[in-house]
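# Examining the three-dimensional arrangement
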Number of protein chains: 2
Amino acid sequence: MAKKRRSNPLALAVLVLLFERPMHPYEMATTLKHRHKQDSIKIRFGSLYTVIDAMVADGLIASRETVREGKRPERTVYELTSAGRAEMREWLAELIEQPAKEYTDFEAGLCLLAALPPAEAIELLKRREARIGEARRTSREGLDRVLGQGLPPLYLVEAEYRLSRMEAERRFIRDLLWRIDAEGWANSPAWNALHRAPEKGPEPEG
Amino acid sequence: MAKKRRSNPLALAVLVLLFERPMHPYEMATTLKHRHKQDSIKIRFGSLYTVIDAMVADGLIASRETVREGKRPERTVYELTSAGRAEMREWLAELIEQPAKEYTDFEAGLCLLAALPPAEAIELLKRREARIGEARRTSREGLDRVLGQGLPPLYLVEAEYRLSRMEAERRFIRDLLWRIDAEGWANSPAWNALHRAPEKGPEPEG
DNA sequence: CGTGGTATATACGGCGACGGATATACCGGA
DNA sequence: TCCGGTATATCCGTCGCCGTATATACCACG
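Only a predicted model underlies this, so the values are computations on that prediction, with no experimental measurement involved.

What chain A contains, in helices and strands, is eight helices and two strands. When the helices and strands of chain A are read in sequence order from the N terminus, they spell out α-α-α-β-β-α-α-α-α-α. Here the C-alpha radius of gyration of chain A, 24 Å, is well above what a compact globule of 206 residues would show, namely 17 Å. Along the first, second and third principal axes, the C-alpha atoms of chain A reach 70 × 55 × 35 Å. The 206 residues of chain A split such that 31% are buried. Taking the contacts inside chain A whose residues are at least 6 apart along the sequence as the reference set, 62% of them involve residues at least 24 apart.

Moving on, we come to the interface of chain A and chain B. Each partner contributes to the interface: chain A provides 71 residues, whereas chain B provides 71 residues. Across the side of chain A that touches chain B, the residue classes tally to 43 nonpolar, nine polar and 19 charged.

The two copies are related by a screw motion: chain A maps onto chain B through a turn of 180° and a shift of 0.0 Å along the axis, at an RMSD of 0.1 Å. On this basis, the relationship between the two copies can be described by a two-fold rotation axis. Minimal C-alpha distance to the rotation axis in chain A is attained by A168(A), lying at 3.0 Å. Taken as a fraction of all interface residues of chain A, those also at the interface in chain B reach 100%, which identifies the copy contact as same-surface.

Let us look at the protein's contact with DNA strand C. Neighbouring DNA strand C are 22 residues, the closest being R75(A), N8(B), R44(B), G46(B) and K71(B). At four residues, helix α2 (residues 25-34) of chain A tops the list of elements feeding residues into the surface near DNA strand C. Tallied by class, the residues present in the surface near DNA strand C amount to five nonpolar, 10 polar and seven charged.

Per-residue pLDDT for chain A averages 91, and the proportion of residues at 70 or more is 91%. Taking the mean pLDDT of every element in chain A, the minimum, 87, falls on strand β1 (residues 61-67) of chain A and the maximum, 98, on helix α7 (residues 157-182) of chain A.

This brings us to the environment of A114(B). Structurally, A114(B) is set in the loop between α5 (105-111) and α6 (118-148). Linking A114(B) and W191(B), residues 77 residues apart in sequence, is a C-alpha distance of 5.9 Å. Contacts of A114(B), omitting those with residues within four sequence positions, involve L154(A), Y155(A) and W191(B).

Residue and element names in this part refer to chain B. Look at helix α1 (residues 9-20) against helix α4 (residues 82-97): their axes get within 10 Å of each other, and the N-to-C directions meet at 125°. By the angle between their axes, α1 is oblique relative to α4. For the crossing formed where α1 meets α4, the hand is left-handed. Counted together, L12, L15, V16, L18 and F19 of α1 and G84, R85, E87, M88, W91 and L92 of α4 form the full contact between these two elements. Residues that form the contact of α1 with α4 fall into these classes: eight nonpolar, one polar and two charged.

Negative phi values dominate among residues other than glycine, just as trans dominates among peptide bonds. Here the phi dihedral of H36(A) falls at roughly 60°; this positive angle occurs in a residue that is not glycine. Structurally, the position occupied by H36(A) is in the loop between α2 and α3 (48-57).

This brings us to the packing of helix α4 (residues 82-97) of chain A against α6(B). Put simply, α4(A) and α6(B) touch, their axes get as near as 8 Å, and they point 35° apart. Residues A93(A), I96(A) and E97(A) of α4(A) lie in contact with α6(B), whose contacting residues are A121(B), L124(B), L125(B), R127(B) and R128(B). Here the contact of α4(A) with α6(B) is built from residues that sort into five nonpolar, no polar and three charged.

Turning next to the environment of K126(A). Mapped onto the fold, K126(A) is located in helix α6 (residues 118-148). As a C-alpha pair, K126(A) and R170(A) span 44 residues in sequence and 9.9 Å in three-dimensional space.

For α1(B), built from 12 residues, the straight-helix expectation of 16 Å at 1.5 Å per residue is met to within 8% by its first-to-last C-alpha distance of 17 Å. Counting buried positions over the 12 residues of α1(B) gives 11, a clear majority of the element. Structurally, α1(B) contributes buried residues whose contacts are with α5 (105-111) of chain A together with α2 (25-34), α3 (48-57), β1 (61-67), β2 (75-80) and α4 of chain B.

Next up on the list: α6(B). The terminal C-alpha atoms of α6(B) lie 45 Å apart, and with 31 residues this matches the ideal 45 Å at 1.5 Å per residue to within 8%. Listing the buried residues of α6(B) in full gives A121(B), L124(B), L125(B) and R128(B). In the core, the buried residues of α6(B) are packed alongside α4 of chain A together with α7 (157-182) of chain B.

Examined against the element boundaries, R170(A) turns out to sit in helix α7. If we ignore the near neighbours within four places in the chain, the residues touching R170(A) are E129(A), I132(A), G133(A) and R136(A).

Cut-off values and rules
- Residues numbered from 1 in each chain as written.
- Chains lettered and ligands numbered in written order.
- Predicted model: local features only at pLDDT ≥ 70, side-chain atom pairs only at ≥ 80, totals over all residues.
- Helix = DSSP H or I, 4+ residues; strand = E, 2+ residues; numbered from the N terminus.
- Rg over C-alpha atoms; globule rule 2.2 N^0.38 Å.
- Buried ≥ 20, exposed ≤ 12 C-beta atoms within 10 Å, placed from the backbone.
- Contact = placed C-beta atoms within 7 Å.
- Nonpolar A, V, L, I, M, F, W, Y, C, P; charged D, E, K, R; others polar.
- Least-squares fit on C-alpha atoms with pLDDT ≥ 70 in both.
- Near = placed C-beta within 6 Å.
- pLDDT = per-residue confidence, 0-100.
- Axes fitted to C-alpha atoms, helices over the stretch in contact; angles between N-to-C directions.
- Parallel < 35°, antiparallel > 145°, perpendicular 65-115°, else oblique.
- Left-handed = near helix turned anticlockwise from the far one by under 90°.
- Expected span 1.5 Å × (residues − 1).

Take a look at the structure:
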């Protein structure tokens, strides 16, 4: 009986590939790379065979045949079971429908921002804004190029999503910097209390 | 010598707390909970003591004293070392300055969207939009309430950030739904090719 | 004839959590 | 007087992955 294993998103990618057609692991890897899915899904190709074995054990996929061309290693071709198809649907539906709490590095940084002295924090925020600006431009150009070649936008929604996130974050940072300035946060006691002392501490023992 | 261990963000939170003042682990936990840092940082309180031990071993923090009140368990009070202070600065600076690639569930879902039949995908996107709308309202109200009580906005930037993300995502989804409709994606062969067949597959062997 | 890239798969050591169980004692309320 | 919550900490099994090394063979190129 298939316990729900939804930790590794590589498994979902495998389900979707096998939903298209039966395939052997190595081909899955190259297909995923070719479609740049690593940009949107955290994929460790070293885990591919392990993940596939687990999915077989869970009854989500099954090996259809094992063929050998010449003296190359055997290829095991897998296909989706109906349990696998159901799992794919449910899993995917969950990802789309349910806004999940996602932790980002930047949010963690922001929520500890007061531990940096104001001037440094401001400088770092400005740099981030600039970096995102660059990344955005690059992505935009790449996206337009591919769209220009006629690939349907359905296959590029994730890139559009990334772009919209970058733009939103840039706006947020600009707005934040503006407020820090306009409202004089850098001079507030709230922010300065911790950044006056001479700042020294004990050394660890050797 | 301190290897860089930046995997668990709980360690960063500990550094920041000890930057404010020496503290014992249990107090760190309650302080973090009280300030709702779990909302922005992925914190497993079960790992707190383990993480602290590792940080001591790395020379980032040091135990300052061990006290006992009555017959309660001993409390070990820790403080920051100067290596710890430096690590805190660097780590925090990195989080703020460097836009890191972050993988979100939604992006993974989007990049596999074509594996769902158009009607279902649209329905799910609408539901997500609605859910985010609700969450946004709730967060907005909570934030305004706290701001109204006079807590400086410096300590709430992460909440504002979350809000701005929700709004951006909502706009993105609305825009996407609009385009799907206006551009007739649901009737495109690209999207329908996989969703015609009777859809059955082999069962796994008992 | 060698060299490097592609095709195809296996194996495994190690690490960093995760998270639940365990232990004791204080304290306020019903 | 008992209960449940809070205060304070330890321990450890399990899990999932990460990442890299390993192995063989085909093929194109110079």
